[in-house]
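Fold and contact review
Chain residues, written in single-letter form:
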Amino acid sequence: MIVAFRENVGGVLLACAELMVNPDCDLISAKDSDDLKQKMDFTGIDDVKVLGFRGTTDTTKLVKYIFGKQLPRMFQGDPDVEGYVSMILRHRSSRPIELVSFLYSCQGNVELLYSGKSVTGKKYYNYMRDVNRSYHRLCMFARPYFVNGVLSVKVDSPHRIGDMFCRWLARKNPDIPISVIEGNIAWIGNGGHVGLEHYTQVPSSLVGSLEFSNACDDIDDMWDMYYDSQFIPKRRNKNHARQLQPKASASMSKMSERDSYKVERGIANCTLDNFVSQSEV
Amino acid sequence: MTLMERMRVLSEGTKYDSCNQSAVCHAFGPDGRCIQLYKTLMTNACSGECTYCPNRCGRDSVRASLTPEEIVKITWSFYRRNSIEGLFLSSGVIGDAERTAEKQLEVASLLRGQGFTGYIHIRVMPGTPKYLLEEIADYANKFGVNAETTSSLNYSEICPNFDYKNDVLQRLQWTRDLINKKRQEEGFKGRIIGANDTQFVVGALQEPDREIIGTVEKFMDRYELRRPYFMSFDPVPSTPLENNEPSPLWREVRLYQTSYLLKDYGLTANDLDNVLDDNGFLLDADPKMLLASCSPDMFPVNVNTASKDDLLRVPGIGPVGASRILQSRPISSEKELARMGVVLNRARPFIEINGKRQTNLFSFAGVSA
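Residues numbered from 1 in each chain as written. Chains lettered and ligands numbered in written order. Predicted model: local features only at pLDDT ≥ 70, side-chain atom pairs only at ≥ 80, totals over all residues.

**Some details on the overall build of chain A**
Scanning chain A for helices and strands turns up 13 helices and eight strands. The C-alpha radius of gyration computed for chain A amounts to 24 Å, which surpasses the reference 19 Å derived for 281 residues by more than 25%, pointing to a less compact arrangement than a globule. Considering only C-alpha atoms, chain A reaches an extent of 85 × 45 × 30 Å along its principal axes. The 281 residues of chain A split such that 36% are buried. Taking as baseline every contact in chain A between residues at least 6 positions apart, the subset at least 24 positions apart corresponds to 59%. (Helix = DSSP H or I, 4+ residues; strand = E, 2+ residues; numbered from the N terminus. Rg over C-alpha atoms; globule rule 2.2 N^0.38 Å. Buried ≥ 20, exposed ≤ 12 C-beta atoms within 10 Å, placed from the backbone. Contact = placed C-beta atoms within 7 Å.)

**Examining the domain arrangement of chain A**
Frequently, the measure chosen for interface size is the accessible area removed from exposure when the parts meet. Parsing chain A into structural domains produces domain 1 (2-135), domain 2 (142-209) and domain 3 (220-274). On a C-alpha basis, the centres of domain 2 of chain A and domain 3 of chain A stand 28 Å from each other. (Domains from an automatic or database assignment.)

**Some points on the interface of chain A and chain B**
Contacts between the two partners involve 39 residues from chain A and, on the opposite side, 30 residues from chain B. Elements supplying a minimum of two residues to the side of chain A that touches chain B: α7 (119-141), α9 (220-229), α10 (238-244) and α12 (254-265) of chain A. For the side of chain A that touches chain B, the class distribution of residues is 20 nonpolar, nine polar and 10 charged. (Nonpolar A, V, L, I, M, F, W, Y, C, P; charged D, E, K, R; others polar.)

**Some points on the sheet that holds strand β3 (residues 48-51) of chain A**
Residue and element names in this part refer to chain A. As summarised here, the arrangement of the three strands in space is β2-β1-β3, forming an open sheet in which the pairing is parallel. Every interior strand has two partners, whereas the edge strands, β2 (26-30) and β3, have only one. Across the sheet, the mean angle separating the axes of adjacent strands is 25 degrees when strand polarity is ignored. Here four bridges tie strand β1 (residues 2-6) to β3, and the two strands are oriented parallel to one another. (Pairing = 2+ DSSP bridges. Axes fitted to C-alpha atoms, helices over the stretch in contact; angles between N-to-C directions.)

**What to know about the domain arrangement of chain B**
Domain parsing of chain B yields domain 1 (3-194) and domain 2 (299-364). Computed from C-alpha atoms alone, the centre-to-centre distance between domain 1 of chain B and domain 2 of chain B is 41 Å.

**So, the sheet that holds strand β11 (residues 356-357) of chain B**
Taking strand neighbours across the sheet as the criterion, the three strands line up as β9-β10-β11 (chain B) in an open arrangement whose pairing is mixed. Edge positions in the sheet fall to β9 (301-302) and β11 of chain B, since each of these pairs with one other strand and no more.

**Let's talk about the pairing of strand β4 (residues 86-90) of chain B**
All names here are of chain B. Across the five residues of β4, five count as buried, placing the element largely inside the fold. Where burial is concerned, the two faces of β4 agree: the one with G86, F88 and S90 and the one with L87 and L89 are both buried. Pairing between strand β3 (residues 37-41) and β4: five bridges, direction parallel. Each bridged residue has a counterpart across the sheet, and for K39 the counterpart in β4 is F88. For the crossover that starts at β3, traverses helix α2 (residues 68-80) and ends in the parallel β4, the hand is right-handed. Sheet analysis places β4 next to strand β5 (residues 119-123), joined by four bridges and oriented parallel. Along β5, the bridge assignment pairs L89 with I122. What joins β4 to β5 is helix α3 (residues 97-113), and the crossover it makes is right-handed. (Right-handed = clockwise from strand over helix to strand, strands pointing away.)

**Thoughts on helix α2 (residues 33-43) of chain A**
For α2(A), the buried fraction is low: one of the 11 residues fall into the buried class. Note on α2(A): the residue one or two positions beyond its end, G44(A), has a positive phi of about 75 degrees.

**Regarding the packing of helix α4 (residues 81-90) of chain A against α7(A)**
Residues and elements named next belong to chain A. For the pair α4 and α7, the least separation of the axes is 8 Å and the interaxial angle reads 80 degrees. When the axis of α4 is compared with that of α7, the two are roughly perpendicular. Along the contact surface, α4 presents Y84, M87, I88 and R90, while α7 presents Y124, Y127, M128, V131 and N132. For the contact of α4 with α7, the residue count by class is seven nonpolar, one polar and one charged. (Parallel < 35°, antiparallel > 145°, perpendicular 65-115°, else oblique.)

**Brief notes about the environment of R251(B)**
All names here are of chain B. In this fold, R251 is placed in helix α8 (residues 249-264). The spatial distance from the C-alpha of R251 to the C-alpha of L283 is 8.1 Å, given a sequence separation of 32 residues. Excluding residues that lie within four positions of it along the chain, R251 makes contacts with V202, G203, S232 and L282.

**Remarks on unusual backbone geometry**
Look at the link from F299(B) to P300(B): it is a cis peptide, with omega at 0 degrees. Looking at the secondary structure, you find P300(B) in the loop between α9 (287-294) and β9. The phi torsion at N148(A) lies on the positive side, around 50 degrees, for a residue other than glycine. Within the element layout of this structure, N148(A) appears in the loop between β4 (145-147) and β5 (150-154). Of note in the backbone geometry, E224(B) takes a positive phi value of approximately 50 degrees without being a glycine. Topologically, E224(B) is positioned in the loop between α7 (209-222) and β8 (225-232).

**Re the nonpolar core**
Of all hydrophobic cores here, the largest spans 101 residues; its most connected members are A108(B) and I136(B). With sequence-adjacent residues up to four places away left out, I136(B) is seen in contact with A101(B), Q104(B), L105(B), A108(B), I122(B), V124(B) and F143(B). Counting residues in hydrophobic clusters, the runner-up holds 58 residues, among them Y84(A), V85(A), L151(A) and M252(A). (Core = buried A, V, L, I, M, F, W, Y, C linked by C-beta atoms within 7 Å.)

**Topic: the pairing of strand β7 (residues 196-202) of chain B**
Residues and elements named next belong to chain B. Within β7, seven of the seven residues are buried, which leaves the element mostly enclosed by the surrounding structure. Of the two faces of β7, the one lined by N196, T198, F200 and V202 and the one lined by D197, Q199 and V201 are each fully buried. Summarising the sheet, β7 and β8 pair through seven bridges and their orientation is parallel. Paired with V201 across the two strands is M231, which belongs to β8. Remark: the β7/α7/β8 crossover connection has right-handed handedness.

Written out as structure tokens, the structure is:
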């Protein structure tokens, strides 16, 4: 038998549960119904059990079914099983079918997801950490700007985390619409303000046509001044600062890039303006 | 003065204030310190005469103020750009503590009134009335008063306008009660209420570290203090203490380390006697490593059988690492410990795995790492 599952948390867990009942079944994964139809047309097989494409799935119940009530000995900051699967599915190298096989191979031992004791387990654990870190970096260093009153930001992550970041930004700014552009799609948060669904996905080319207010912000100079004012010259610690904000993260926004440049090159403690004001005195 | 100039003057006035809220850091200064809040004074025109402070009244310096509306506007601008998580608001004393708190309250209520869901930390002045503290607690995530030093006598020497017992200790107690009340209140608007915190100026007077550590322990016990901040004294020209020696930065670091030992490692001030010299001052060495070196009979600790308290005594193993070890036993190799965040170079001489002592050339040669 062939089992086709959707590449989301519910789909992966349903496929794993199915594998426990029919260990010999073959797996196909699909992003959505269109993708599934295309794959089924290609294979020409009709006897396919389709999982995760209709209705909602109680993922908590499924996790209990697959792993029992055993609590994972996960480390601080690690997500639970649902979060773990969700993170891995966002990784650029994730392969859902392999992930389902791995979950099944754990034989109900949830420890194996987090312990990294097998080669695949270690690989997936690292995938999960990669995605987690990328998301955290985005929350730290991405700097949105106003376009027609819509708070917009372009993200350039190797992993599919634009929607997560959009939700985070929308929660922080519930009174304005948010757009997070990821390649040729844009995630819209608080879309109700611009006549869209509260949370939706549109082609990135449409973002420019959204209009909310004439709010704008030109705070770059203000930020530079604030950033410089917080520095205690006696405590300069370039290595530590570099370690905390590596170059890769600095390139996430112009603001962070300038901050990083100041770390690398130092902040001049006097400018031409200082000489002018001194001579005037 | 332009808005930018006033902003610079007042932000510089808070650069020594530590107020990390352990959420998302948005930038790191060239000194490696995280920037996550817009830190500012409302004004640096202060009616207080604190002997160490650059803003003390009568000192010849540039004075500036920001209106509540200006602070609110700047905070929003930075917040929208995801450059900060919130606001840290302190101030010089505007006439008296009551008037200052009223202004601070105005900022907090304006922000919340405009739907601001970010973090607000208000550093109130000594002597702030209880009714204003209660109102501030309705809006702020964190609020508190700086203790600055360890006793009434010391306080009267550096902050002659205020009374330690009434203006500081009483406020610390009210803050503790208000935090507990707010945390218990159901549906407190989804706000996180931070624990009690305070700041000490280290080295302005001759108080030994033993006194500071004892005070921190007392505050943790009495006022549920979770986070003491330490600021090294640096003499400011044209102040009464301008000729005093600056306090070494390492002293601040060692005090932070000892405060963590009190807070997270279950140690008491008495346990830390071994890391102090005869005059009660800390040595410039990791206090946990010193403690371990003073008790060789307690080591090596078997990572597979030791209790959490014993694991916590091992240098290189922190509370998170100890919990991970307890959760992940049996441990069969150093590699596993490293994955749990244990600093092996420090821990190695003090642990054994499966009966095998983990040693290195340093410990073999009798030299502490």
